[in-house]
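# Architecture and fold: a report
The lines below spell out each chain.
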Amino acid sequence: GRVLGIKKFIRNSGIKFTGGEEPRYDPATNCAATADVWGTIGLWSYVIDAKRGAKAKSHRLQTSCQAIVLRANDFRAQKRAALYLRDNDYRLEHHEDPEDETRWRAIAAGYHAMTPEQRAVFQVEEFPLRNEVFKTLTDAQKRAVINAHAARSHYL
């Protein structure tokens, strides 16, 4: 069913593939991503992440990261979307919030501000000031973690 959905999407959208399923890295955010598809539909350049399951807010973060990483590798996606595949069909859900990329950058900065042991802060849903690990961070690390936590909570 997924293959038939993809075929139908390709036929209906007229997408012209530039690339897909190739890992890319962005040194500015120190992040890597593997977008499922990037290319053009009509006059617009896209990064598209294919999904089998239900829609989730975190999918917007994924396409944001992918757009950032692709931009660092000479492809500028003007639009981001998730391609939901089910029952021999598809639904293309556009991700249009321009703040998604800002939030992704904040989350990445918070992640990289900590050691692997300190990253346990991200595993709690409550505000990180209550976490004992948080108290061991420097002021700069605390700022990065607070910003990352605030950005992350937007997608929970």
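Relevant structure appears above.
Let me begin by describing the structure that accompanies this report. What you see is a predicted model; the values in this text were computed from it and never measured.

## So, the overall build of the protein
Within the protein one finds 4 helices and 7 strands. For the protein, the succession of helices and strands along the chain, N to C, is α-β-β-β-β-β-α-β-β-α-α. Seen along its three principal axes, the alpha-carbon backbone of the protein occupies a region of about 55 × 35 × 25 Å. For the protein, buried positions account for 43% of its 156 residues. For the protein, contacts bridging at least 24 residues in sequence account for 57% of all contacts bridging at least 6. Split by element, the accessible area of the protein, about 8,900 Å² in all, is 51% carbon and sulfur.

## Remarks on unusual backbone geometry
One non-glycine residue with positive phi stands out, namely E21, at about 55°. Inspection of the secondary structure assignment puts E21 in the loop between β1 (16-19) and β2 (24-26). Not every positive phi belongs to a glycine, and N88 is a case in point at roughly 60°. Relative to the helices and strands, N88 is located in the loop between β6 (79-86) and β7 (89-95).

## Things to note about the nonpolar core
By size, the foremost hydrophobic cluster in this structure holds 12 residues: C31, A33, L61, C65, I68, V69, W104, A106, I107, A108, A151 and Y155. Looking at this core, the elements with two or more residues in it are β3 (31-33), α2 (58-72) and α3 (99-112). Counting residues in each nonpolar core, the second largest holds 10 residues, with F9, Y46, A81 and L85 among its members.

Rules used throughout
- Residues numbered from 1 in each chain as written.
- Predicted model: local features only at pLDDT ≥ 70, side-chain atom pairs only at ≥ 80, totals over all residues.
- Heavy atoms only, no water.
- Helix = DSSP H or I, 4+ residues; strand = E, 2+ residues; numbered from the N terminus.
- Buried < 20%, exposed > 50% of the residue type's maximum accessible area, 1.4 Å probe, protein only.
- Contact = heavy atoms within 4.5 Å.
- Areas by Shrake-Rupley, 256 points an atom, 1.4 Å probe, with all protein chains shown as cover.
- Core = buried A, V, L, I, M, F, W, Y, C linked by side-chain atoms within 4.5 Å.

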